[in-house]
Amino acid sequence: MVFNKRIESNSSVILSNLIHFTSLDLILLSLFFYCILVKSAKEVTWTTTFAAINKEMKYILVTGGVISGIGKGVIASSIGTILKHCGLHVTSIKIDPYINIDAGTFSPFEHGEVFVLDDGGEVDLDLGNYERFLDVTLHRANNITTGKIYQQVIECERKGDYLGKTVQVVPHITDAIQEWVINVAKVPVTDDGKEPEVCIIELGGTIGDIEGMPFVEAFRQFQFRVSHESFCCVHVSLVPQPKSTGESKTKPTQASVKELRGSGLSPDLIVCRSEMPIIDEVKQKISNFCHVKPDRVICIHDCTSTYRVPLMLEEQGLIQFIGERLQLNIATPARPKKFMWKWRDLADRHDNVRKVVEIALVGKYTQLEDAYASVTKALQHSALFVNRRLNLSYIEATSLEEATKIENPVKYHQAWQILCRSDGVIVPGGFGKRGMEGKIAAVTWCRTTRKPFLGVCLGLQAAVIEFTRNVMSWKDANTTEIDPESPYPVVIDMPEHNSGQMGGTMRLGKRTTIFHGESILKKLYGNVGSIDERHRHRYEVNPEFVDKIEKAGLHFVGRDESETRMEIMELPVSTHPYFVATQYHPEYISRPLKPSPPYLGLLLAAVGKLQPYLNNAMASNTTSEDGENSDDDIVGILRRNISNVSLSATSTPVTPSHLSVKSPTVTD
């Protein structure tokens, strides 16, 4: 404004004396005004562009090379964790190049567990990592698949949106991918409803996979669609270290980066995954052959806990690199001494844990541990709170069945030996007939020996079938999934179930459960009247038999809003210390510092501390002679803490600040 007024004033003086000017003077005056206007326009344009860049969404693409399953998800989650601790709002997108619309119809043996979101989206398990690390609530659109992209493009073509043009991978598929990313990146994922500032995108698979090529091409274009300061590429690659030679081999990483650069993307940062730390000479070699600066080659070797990964990235200058590369307003290098102290505490406590708790998981998909990824994480989170290192044993349910005793007696007795020496048992979800009788046998053993038991989804159904068979003498009681002609169909399929279509036809997403009367779980949830938890099931307890089952002693203490669907089942404390099952999946919302109450109850019961916890009997703040918090101290602290928190699906116990003295924990 001052500049404009100055021009106005000067112009008035010049014009008042214009009559005295010669033609040469007028020409020079015209040139003078032209130069001023051009300069002013450039300044305005530059200022506007600079402001736009600062406000523009920042995108971090994480790609992988050499092998799949190299840890891209943990690296992406760790980068987001660091940026969140820097005060930024972060969201995540996972790209899976398979043609499936979503992960709902996958066998757990293919890609591990199916993770369920609040909105009912059935997605890749990496989104579970994002939610646990970042403590955010993602949406189904945060998981992009080739199937979703092609479905959207074909629907647009059928509606005539392309005006008769030939629909091709380039530009229509690649444009659809870019638009999807831009739109999803703006969706709030935190309780405050603020728009994210940074979007971390993980491209599944490895560079060079034929199914991933459209996505690589889309991001090649995307890097020019946004400004240079708004997009960077992080490449995660394997640096093998053969034991025969003991040296680090860089050729796989060189080839992977060459493939990436040949596709039009140049890595700004290379994260080297290795078994052991790599030396500076190896980093220098990768720098020389991969066209990046030496300080932009980071090593993440195998460590004791994934909690260590954000700390290792931060120690190697990730914050400074990201801040400079994306022009983020991050205070580097001066950061508070307590920066990421919770993560440091978690990692240190995990490494120093001494006492062990033995938990047996009786399931159908035990050959692949990722099939129960969220269950494992929830158990680990709870083990942290009870001051124990989790020793989780996987038992194939069929190994507990009488048929196995005849076919393979060694396997049968080994399975039962593991079950019998455990401190607690969990029977997680699943589908189908295989292994059902083995799960029921495990439930029988837990009920009759008063062993702490937690059933989840199918685990609840198995517990109901076991109770009606062995306590109520309904020998033919069963689920219609296995025996449609059972005279006692205590578990039936739901009206929503469409037997003709498998994908997306279950009861999915966050639903409300209302407590009825007093119960163990109600106390664990903080004595609230209702909770919101995530579901994924096709079958439910038959409401026609509920009254008879409850009269026999098995109580349904949590029901849905219509009171026709049974959500929580318990045996009275007088009968069993902890015999609990839920129709919902509480593991989906468990967090490292906020464990799921049903899982926490199982671990407390397994170490014999459930009743002191519930009764608030142990409230002393004593520390044992070895400097470690005593079990009683932990119980007292947790009980006081939980009483001050209103718990729901997104609100569970929080670690008190003084609990981080010197105590154990878990991996996530």
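What you are looking at is a predicted structure, and each value in this text was computed from that prediction instead of being measured.

Scoring rules and cut-offs
- Each residue is numbered by its place in its chain's sequence as written, counting from 1.
- Only residues with pLDDT of at least 70 are given local features in this predicted model, and only at 80 or more are side-chain atom pairs given and counted; all residues enter the totals for whole chains, interfaces and linings.
- Water and hydrogen atoms were dropped before computing side-chain values, which therefore reflect all heavy atoms in the structure.
- As defined here, a cavity is a set of points on a 1 Å grid over the protein atoms alone where a 1.4 Å probe fits but cannot get out. A pocket is an open set with protein on both sides within 12 Å along at least five of seven lines, and residues line them when an atom is within 4 Å of a point.
- Grid points are joined across faces, edges and corners, and a volume is the space filled by probe spheres set on the points.
- Under this grouping Gly is polar, as are all residues other than the nonpolar Ala, Val, Leu, Ile, Met, Phe, Trp, Tyr, Cys and Pro and the charged Asp, Glu, Lys and Arg.
- Here, any two strands with at least 2 DSSP bridges between them count as paired.
- Going along the chain from the N terminus, every DSSP run of H or I of four or more residues is numbered as a helix, and every run of E of two or more is numbered as a strand.
- Note on definitions: angles span 0 to 180 degrees between N-to-C directions of axes, and those axes are lines fitted to C-alpha atoms, for helices only across the stretch in contact.
- Any two residues having at least one pair of non-hydrogen atoms within 4.5 Å are treated as being in contact.
- Stacked, tilted and edge-to-face pairs are distinguished by plane angle, under 30 degrees for stacked and over 60 for edge-to-face with tilted covering the rest, among Phe, Tyr and Trp rings (Trp via its six-membered ring) whose centres lie within 6.5 Å.
- We count a charge as sitting over a ring when the NZ of a lysine or the CZ of an arginine lies within 6 Å of the ring centre and within 35 degrees of the ring normal.
- Put simply, angles under 35 degrees are roughly parallel, angles over 145 are roughly antiparallel, angles from 65 to 115 are roughly perpendicular, and the rest are oblique.
- In this scheme the handedness of a crossing depends on how the near helix is turned from the far one: anticlockwise by less than a right angle means left-handed, clockwise means right-handed.
- The term salt bridge refers to a side-chain nitrogen of Lys or Arg lying within 4 Å of a carboxyl oxygen of Asp or Glu.
- For every residue, the accessible area (1.4 Å probe, protein chains only) is compared with the maximum for its type, and the residue is labelled buried under 20%, exposed over 50%, or partly exposed between those bounds.
- Orient the strands so they point away from the viewer; a crossover is then right-handed if the path from the first strand over the helix to the second runs clockwise.
- Under the convention used here, Asp and Glu are negative, Lys and Arg are positive, and both His and the chain ends fall outside the count.
- Between N or O atoms, a polar contact is any pair within 3.5 Å; within protein, one atom must be a potential hydrogen donor and the other a potential acceptor, and residues adjacent in sequence are included only when both atoms are from side chains.
- Note that patches include only residues with greater than 30% relative accessible area and no salt bridge, and the join distances are 9 Å for like charges and 5 Å for nonpolar side chains (Val, Leu, Ile, Met, Phe, Trp, Tyr).
- To measure how exposed things are, a 1.4 Å probe is used in the Shrake-Rupley method; for residues, cover is taken only from the protein chains shown.

*Asks:* Which parts of the structure should I look at to understand the layout of surface pockets?
*Replies:* In this model, the second largest pocket occupies a volume close to 430 Å³. Forming the boundary of the second largest pocket are 24 residues, of which Pro108, Tyr365, Gly430, Phe431 and Arg536 lie nearest the centre. Here the residues of the lining of the second largest pocket are counted per class, giving 13 nonpolar, 7 polar and 4 charged.

*Asks:* What should I look at first to understand the sheet that holds strand β16 (residues 507–515) in this one?
*Replies:* Pairing within the open sheet is mixed, and its 9 strands lie in the order β11-β10-β12-β13-β21-β20-β19-β16-β17. In this open sheet, the two strands that pair with only one neighbour each are β11 (389–396) and β17 (530–537). Taking the axes of each pair of neighbouring strands and ignoring which way they run, one obtains an average angle of 30° across the sheet. Here strand β12 (residues 424–427) pairs with strand β13 (residues 453–456) via 3 bridges, running parallel. Opposite Val427, over in β13, you have Gly455 as the bridge partner. Those strands touched by helix α14 (residues 373–385) are β10 (356–363), β11 and β12, and its axis lies near 150° from that of β11.

*Asks:* Got a minute to help me understand the sheet that holds strand β14 (residues 477–479) in this structure?
*Replies:* Pairing between sheet strands relies on hydrogen bonds along the backbone, with the strands arranged either parallel or antiparallel. One open sheet accounts for 3 strands, arranged β14-β15-β18; its pairing is mixed. Among the strands making up the open sheet, the edge pair consists of β14 and β18 (539–541). The average angle at which neighbouring strand axes cross in this sheet is 25°, direction not considered. Judged from the 3 bridges that link them, β14 and strand β15 (residues 488–493) form a sheet pairing that is parallel.

*Asks:* Explanation requested: empty space enclosed by the protein in the structure shown.
*Replies:* A water-sized probe, rolled over the atoms, reveals where empty space remains. Taken as a whole and judged by the stated rule, the model has 4 cavities of 30 Å³ or more. Of the pockets and cavities examined, the largest cavity occupies roughly 60 Å³. Lining the largest cavity, in full, are Gly64, Pro97, Leu203, Gly204, Gly205, Thr206, Ile207, Gly208, Asp209, Gly212, Met213 and Val216. Of the residues contributing to the lining of the largest cavity, the split by class is 5 nonpolar, 6 polar and 1 charged.

*Asks:* So what exactly am I meant to see when it comes to the packing of aromatic side chains here?
*Replies:* Within a pair of aromatic rings, the relevant descriptors are the distance that separates the centres and the angle that separates the planes. The full count for this structure, using the stated rule, is 13 aromatic pairs. Ring centres of Phe219 and Phe222 lie 6.0 Å apart, and the angle between their planes is 85°; this geometry places the pair in the edge-to-face category. One end of the pair is Phe219 and the other is Phe222, both in helix α8 (residues 213–225) and 3 residues apart, which spans about a single turn. Cluster of aromatic residues (ring-pair linked, three or more members): Tyr59, Phe219, Phe222 and Phe231. A cation sits over an aromatic face here: Arg538 above Phe431, 5.5 Å from the ring centre.

*Asks:* Whenever I open this one, the packing of α14 against helix α21 (residues 597–606) confuses me. Can you help?
*Replies:* Contact geometry for α14 and α21: axes closest at 8 Å, N-to-C directions at 55°. For the element pair α14 / α21, the angle class is oblique. Relative to α21, α14 is oriented so that their crossing is right-handed. Two secondary-structure elements touch here, α14 through Val375, Ala378, Leu379, Ser382, Ala383 and Phe385 and α21 through Tyr599, Leu600, Leu602 and Leu603. Of the residues that constitute the contact of α14 with α21, the class distribution is 9 nonpolar, 1 polar and no charged.

*Asks:* So what exactly am I meant to see when it comes to the environment of Trp341 here?
*Replies:* Relative to the assigned elements, Trp341 resides in helix α13 (residues 341–352). Through-space distance from the C-alpha of Trp341 to that of Leu311 is 9.7 Å; in sequence the pair is 30 residues apart.

*Asks:* Would you explain the pattern of salt bridges in this entry?
*Replies:* Pairs can form between side chains of opposite charge whenever their charged atoms are close. Inspection of the entire model under this criterion finds 29 salt bridges. Across the salt bridge formed by Asp126 and Lys94, the nearest N and O atoms sit 2.9 Å from each other. In this pair, Asp126 sits in helix α5 (residues 126–134) while Lys94 sits in strand β2 (residues 90–96), placing the two residues 32 residues apart along the sequence. No difference in accessibility class separates Asp126 from Lys94, as the two residues are buried. Across the salt bridge formed by Asp268 and Arg325, the nearest N and O atoms sit 3.2 Å from each other. With Asp268 in the loop between α9 (251–262) and β8 (269–274) and Arg325 in helix α12 (residues 318–325), this pair connects stretches of sequence that are 57 residues apart. Summarising the burial analysis for this pair, Asp268 and Arg325 share the class buried. Through salt bridges with shared partners, a single ionic network connects Asp118, Glu131, Asp135, Lys510, Arg534, Arg591 and Lys594.

*Asks:* Before we go on, may I ask you to explain the pairing of β11 in this structure?
*Replies:* Remember that side chains alternate between the two faces of the sheet whenever the strand is regular. Two strands pair when backbone bridges link them, and β10 and β11 are joined in this way by 8 bridges, in the parallel orientation. Residue pairing for β11: Leu361 is matched across the bridge by Tyr394. Tracing the backbone out of β10, into α14 and back to the parallel element β11 gives a crossover that is right-handed.

*Asks:* I keep staring at the side chain of Lys148 and nothing clicks. Help me out?
*Replies:* Looking at the element boundaries, Lys148 is found in helix α6 (residues 146–158). For the buried residue Lys148, which engages in no salt bridge, the nearest side chain bearing the opposite charge is Asp102, 6.3 Å off. Polar contacts involving the side chain of Lys148 include one to the main-chain carbonyl oxygen of Asn143, which spans 2.7 Å. Once you skip the residues sitting within four places of it in the chain, Lys148 turns out to touch Asn100, Ile101, Arg140, Asn143 and Trp180.

*Asks:* Can you help me understand the environment of Ile101 in this one?
*Replies:* Checked against the element boundaries, Ile101 lands in the loop between β2 and α4 (108–111). Owing to a relative accessible area of 38%, Ile101 belongs among the partly exposed residues under this scheme. Taking the C-alpha atoms as reference, Ile101 lies 7.4 Å from Thr146; in sequence the two are 45 residues apart. If we ignore the near neighbours within four places in the chain, the residues touching Ile101 are Thr145, Gly147, Lys148 and Gln151.

*Asks:* For this particular structure, what's the right way to read a nonpolar patch on the surface?
*Replies:* On the surface, Tyr150, Ile154, Val169 and Val170 cluster together to form a nonpolar patch covering roughly 330 Å² of accessible area. Elements represented by at least two residues in the nonpolar patch include exactly α6 and α7 (169–185). By the element assignment, Val170 lies in helix α7.

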